[in-house]
Amino acid sequence: MTPEHYERIGRLFDAALERPTEERSAYLDHACGDDADLRSDVEKLLARHSTSGDFLSRPAIEVAAELLAKDHIPFAPGKKISHYQILSLLGAGGMGEVYLAEDTRLKRKVALKVLPEAIARDPDRLLRFEKEALAASALNHPNILTIYEFGAEGETHFLATEFIDGETVRSRLVSGPFPVKEAIAISAQAAQALSAAHQAGIMHRDIKPENVMIRNDGIVKVLDFGLAKLVESSGAGLGPVEAEGETRMQGLTQAGTIVGTVAYMSPEQARGKTLDSRTDIFSLGVVLYEMLTHRHPFIGETMSHTMVAILEKEPAPLAQTVREVPVELERIVDKALAKKADDRYQNAAALLADLKQLERRLEFDAEPARAPRVFTRGDAYGSSNPALHAGEAPTQIVKALETKAEREPARTSERATTLGSTRSARLGLLGRILVLIILGVLIILGIGAWQWLRSKSGISTLGSPAVLTERNLTYSLTVQRYRDGRPYQQEFQSSGSEIFEGGWKFKLNLVSQQEGFLYLLNQEPGDRYRLLFPVPWRDNGSAHLGANERRETDWYFFDDQTGKERFRVVWAAGPVPQLEAVRGLVNKTTKGLISDPAHIQAVREFLQENEASQIVIDKETNKTNVTARGPVLVTLIELEHQ
Amino acid sequence: MAPSIAPNITQLLVAWNQGDQDALARLTPLVHKELHRLAHRYMAGERRGHVLQTTALINEAFVRLIDWRQVEWQSRAHFFGVAATLMRHILVQFAREQQAAKRGGGAIQVSLSEVAHHNTRYSPNLVALDEALAELERLDQRQARIVELRFFGGLSLEEAAEVVKVSVSTVRRDWRMAQAWLRQQLSATR
């Protein structure tokens, strides 16, 4: 382009803009004459002007500052903060990053929670952090994470705590529900922690699966009394709080402020009411329910749906999803989840007492007479059968088979006849036992082979791997245009042919007729991938998608790099190990980018293997319906980005 | 207003304006420090859902960086002009380094945090913009200068008019066309 041409375009551009919109076309017809190129250049500029008029309205220094603010780099191993040496990054969350570090003075491992500088400089947030440290360090209980120190070096503020080698209830939930006994034992330990804290006048206020850790030796630790506050003297059920503490904490105890994770809030918390320790009992009830059923009792499509459910809906009875659930456990969960605090357990000790009693009863009931149940349990979600790993397993299984055989005598003898020829029938009791043992061994081998095949095939299936039922997944794309940094026009369903511009955003709405697991990947240049879904802050971080349950992703938006954006939606009948392996690594620092070469390779191979599966895309009403036979569905979404 | 910030910054700016490249090397860290301060403010503000007062921000940056009384500037406009060019130089260099540091570089910016949920504004790529602006300089130098003053220097239409010595309505027209053309360029390249 020459300066002269640019000047001509400019004159026409200015002149057109001075006219009303409807007259511009006629004006350009006249002014450009036959020069189609000139006209096209002017029209392009006019279009740009109308869609992204003042795109430079924010000064460059703010754009640069934003770049810097978003590009926080975590501390590298070896870095020393005060007398702690960073060993590795454990995770990042709303309140900062957590590192595994070594206390160089005491030569022990600690978890070092580092506040982002931006928060450390924000007096309100710093205060909140200090309160956390103060409140939690006052507690000394084996089920509560021990706080060692709250300190600062330069502008870096940190909290050093006991390091727990284990995993959270949240990460354990990935592989399915907890066995009943384990869920009870974990809840009982958490109730013990709450009881101790409540007696010290401290509420947790944010009990959720992420905050309950199971150490490798089975000890449960409740973490992050991040939102804990001293119980107000008006609170029921607890003794008077010392006057000094009350004043100190006043800033945090205003009714009307909603703090915490919505999904685990008590009804009174969701209403923004003044809280007392019974709020924690409700939240623990939600966690217990989820451990047992692998489902959240109140989760809804949106945050407000969830809140309404917490306030109004009764959760589905445990018996609907959990086999052979003790009636007593149903009662305990109901009581913990009572909408009115007055109908709930009035303190954690009462909940603990009921859990302990049930635990003892189940132990008593679990004597040999009930062994066969062990065999039938636990396989529904494809989780490993505990009996197969336990030392006493073989006897239990044979016992189970015996019981089973007795229940179906006709079929057993039929099989025995074909297997062992007519002679075995004459062998009487001894023969029958022998046949049963052989049958037992064959079944054990069969289970082993099936499990081996399952692990080889890379994904666990809910149904039989041999039957290829047709599965479907329907999705649509919601798009929001932006102009001058503000939403422009109504959001709309994409027809798939839009050309996206920088700053526009979109989200995916997905639904499948079958229960399964959902993942979303973004392909980056160089065949690298970002896991965009599941993410820890949505749907409890789980990829699980119920039958006909709608799932909405985060909003994703485009930056200034143009080209084709490739997304892959993966739906599978069971959790996909290659993706589950990287799921835990998604946080605000990594932004879901898969960086470990082994992981990248595994994801690539998984996609390559499954892309061959036949997919029929049926487009109507801007919804795309993907169908395939087999347990895995992979579909590619390509968006043009200009 | 903020005497704690390097007292010699104005001298450095004058020196740089007269072609002293060492002065630039000494100025850059000072601007970076300011940038970090703004970044922290940006994040703190974003998290609470506040929209920053951009003019206040940029003015504060300059006020902090320069002691007005120290040197007799030829004019206020002269100072603004020099400061805008300096900012362009340093900020684009900064963005370039950031870009290089990012391995691979994600094409899509994923909204991964509470921060992102508030941030729905479009942020131009500073490096690409700088290149497009160089092309604009060839086509229409005044328009390019106005972009430099407004975007990199944070000047108002009136202040920019004072620097370029044209009417405010001319600046408004130039600014309008330059933005449309630059936006088009940024979308067409790559």
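Residues numbered from 1 in each chain as written. Chains lettered and ligands numbered in written order. Predicted model: local features only at pLDDT ≥ 70, side-chain atom pairs only at ≥ 80, totals over all residues. Heavy atoms only, no water.

Helix and strand counts for chain B stand at nine helices and one strand. Going residue by residue from the N terminus, the α and β elements of chain B occur as α-α-α-α-β-α-α-α-α-α. Sequence separation of 24 or more characterises 70% of the internal contacts of chain B that already satisfy a separation of 6 or more. Looking at chain B as shown, the accessible area adds up to about 8600 Å², and 51% of this sits on carbon and sulfur atoms. (Helix = DSSP H or I, 4+ residues; strand = E, 2+ residues; numbered from the N terminus. Contact = heavy atoms within 4.5 Å. Areas by Shrake-Rupley, 256 points an atom, 1.4 Å probe, with all protein chains shown as cover.)

What follows covers the overall build of chain A. Along its length, chain A carries 21 helices and 22 strands. Counting across all 642 residues of chain A, residues that qualify as buried make up 48%. Sequence separation of at least 24 residues holds for 67% of the intrachain contacts in chain A that already meet a minimum separation of 6. (Buried < 20%, exposed > 50% of the residue type's maximum accessible area, 1.4 Å probe, protein only.)

All names here are of chain A. Most of strand E13 (residues 505-511) is tucked away: seven of the seven residues are buried. Burial along E13 is two-sided: the face carrying Lys505, Lys507, Asn509 and Val511 and the face carrying Phe506, Leu508 and Leu510 are both buried. Pairing of E13 with strand E17 (residues 551-552) involves two bridges; the strand directions are antiparallel. Paired with Leu510 across the two strands is Arg551, which belongs to E17. (Pairing = 2+ DSSP bridges.)

Residues and elements named next belong to chain A. Spatially, the three strands line up as an open sheet ordered E7-E8-E9, and their pairing is antiparallel. Here the strands that pair on one side only, and so sit at the sheet edges, are strand E7 (166-168) and strand E9 (220-222). Averaged over all adjacent pairs, the angle separating strand axes in this sheet is 25°, with direction ignored. Both strand E8 (residues 212-215) and E9 contribute to a ladder of three bridges, which runs antiparallel. Residue pairing in the sheet places Met213 in a bridge with Lys221 of E9. Packing against the sheet, helix H8 (residues 180-199) makes contact with E8 and E9, and its axis sits at approximately 40° to E9. (Axes fitted to C-alpha atoms, helices over the stretch in contact; angles between N-to-C directions.)

Per the counting criterion, the structure on display carries 28 salt bridges over all chains. One salt bridge connects Glu162 of chain A with Lys221 of chain A, and the closest N-O pair in it is separated by 2.7 Å. Here Lys221 of chain A lies in strand E9 and Glu162 of chain A lies in strand E6 (residues 156-162), a separation of 59 residues in the sequence. Here the two residues Glu162 of chain A and Lys221 of chain A agree in accessibility, since each one is buried. For Arg88 of chain B, the salt bridge goes to Glu148 of chain B, with nearest N and O atoms at 2.9 Å. Here the residue Arg88 of chain B occupies a position in helix H4 (residues 76-101), and Glu148 of chain B occupies one in helix H7 (residues 141-152), the gap between them amounting to 60 residues. (Salt bridge = Lys/Arg side-chain N within 4 Å of Asp/Glu carboxyl O.)

Further remarks concern the nonpolar core. Of all hydrophobic cores here, the largest spans 70 residues; its most connected members are Leu136, Val147, Phe151 and Leu182 of chain B. Ranked by residue count, the leading element in this core is H4 of chain B, at twelve residues. Setting aside residues up to four positions removed in sequence, Leu182 of chain B forms contacts with Phe55 and Leu56 of chain A together with Leu129, Ala132, Leu133, Leu136 and Val147 of chain B. Counting residues in each nonpolar core, the second largest holds 60 residues, with Ile207, Ile281, Val287 and Leu358 of chain A among its members. (Core = buried A, V, L, I, M, F, W, Y, C linked by side-chain atoms within 4.5 Å.)

With that settled, consider the packing of H8 of chain A against helix H14 (residues 348-365) of chain A. All names here are of chain A. At a minimum axis distance of 8 Å, the contact between H8 and H14 shows a crossing angle of 155°. Judged by the inter-axis angle, H8 sits roughly antiparallel to H14. Note that H8 runs across H14; the crossing there is left-handed. Facing H8, whose interface residues are Val180, Lys181, Ile184, Ala185, Ser187, Ala188, Ala191, Gln192, Leu194, Ser195 and His198, H14 presents Ala348, Ala349, Leu351, Leu352, Leu355, Lys356, Leu358, Glu359 and Leu362. Split into classes, the residues belonging to the contact of H8 with H14 amount to 13 nonpolar, four polar and three charged. (Parallel < 35°, antiparallel > 145°, perpendicular 65-115°, else oblique. Left-handed = near helix turned anticlockwise from the far one by under 90°. Nonpolar A, V, L, I, M, F, W, Y, C, P; charged D, E, K, R; others polar.)

Right, let's get into unusual backbone geometry. What you tend to see is this: most non-glycine residues have negative phi, and most peptide bonds are trans. Residues and elements named next belong to chain A. Here the residue pair Phe533 and Pro534 is connected by a cis peptide bond, since its omega of 0° sits within 30 degrees of zero. Mapped onto the fold, Pro534 is located in the loop between strand E15 (528-533) and strand E16 (544-545). The phi dihedral of Ser82 is positive, around 55°, even though this residue is not glycine. The residue Ser82 is located in the loop between strand E1 (80-81) and strand E2 (84-93) in this model. Residue class for Ser82 comes out partly exposed when judged on its relative accessible area of 27%.

Residues and elements named next belong to chain A. Per-residue confidence for chain A gives a mean pLDDT of 73, with 69% of residues at or over 70. By mean pLDDT, helix H9 (residues 243-248) is the weakest element of chain A at 26, and helix H11 (residues 278-293) is the strongest at 96. Residue range residues 227-260 is modelled with pLDDT below 50. Its contacts to residues more than four positions away, or to other chains, number 61 contacts. (pLDDT = per-residue confidence, 0-100.)

Attention shifts here to the environment of Glu182 of chain A. Mapping Glu182 of chain A onto the fold places it in helix H8. Sequence separation between Glu182 of chain A and Gly218 of chain A is 36 residues, and the spatial gap between their C-alpha atoms is 9.5 Å.

Residues and elements named next belong to chain A. Tracing the backbone through its elements, the reader meets Asp354 in helix H14. Look at Asp354 and you get buried, because its relative accessible area is 15%. Once residues lying within four places of it in the same chain are set aside, the contact partners of Asp354 are Glu328, Arg331, Ile332 and Tyr345.

Okay, the packing of aromatic side chains next. Under the criterion given, the structure shown has five aromatic pairs over all chains. Both rings, one in Tyr6 of chain A and one in Trp181 of chain B, keep their centres 5.7 Å apart while their planes meet at 90°; by these two values the pair is edge-to-face. Here Trp181 of chain B lies in helix H9 (residues 168-188) and Tyr6 of chain A lies in helix H1 (residues 3-18), a pairing that spans two chains. Its relative accessible area of 5% is what places Trp181 of chain B among the buried residues. Judged by centre distance (5.8 Å) and plane angle (10°), the rings of Phe282 of chain A and Phe298 of chain A are stacked. Here the residue Phe282 of chain A occupies a position in helix H11, and Phe298 of chain A occupies one in the loop between H11 and helix H12 (303-312), the gap between them amounting to 16 residues. Just as Phe282 of chain A is buried, Phe298 of chain A falls in that class too. In this arrangement the basic side chain of Arg108 of chain A is found over the ring face of Tyr148 of chain A, its NZ or CZ atom lying 3.6 Å from the centre. Across the ring face of Tyr345 of chain A, the terminal group of Lys335 of chain A is positioned such that the distance to the ring centre comes to 4.7 Å. (Phe/Tyr/Trp six-rings, centres within 6.5 Å; stacked < 30°, edge-to-face > 60°. Lys NZ or Arg CZ within 6 Å of the ring centre and 35° of its normal.)

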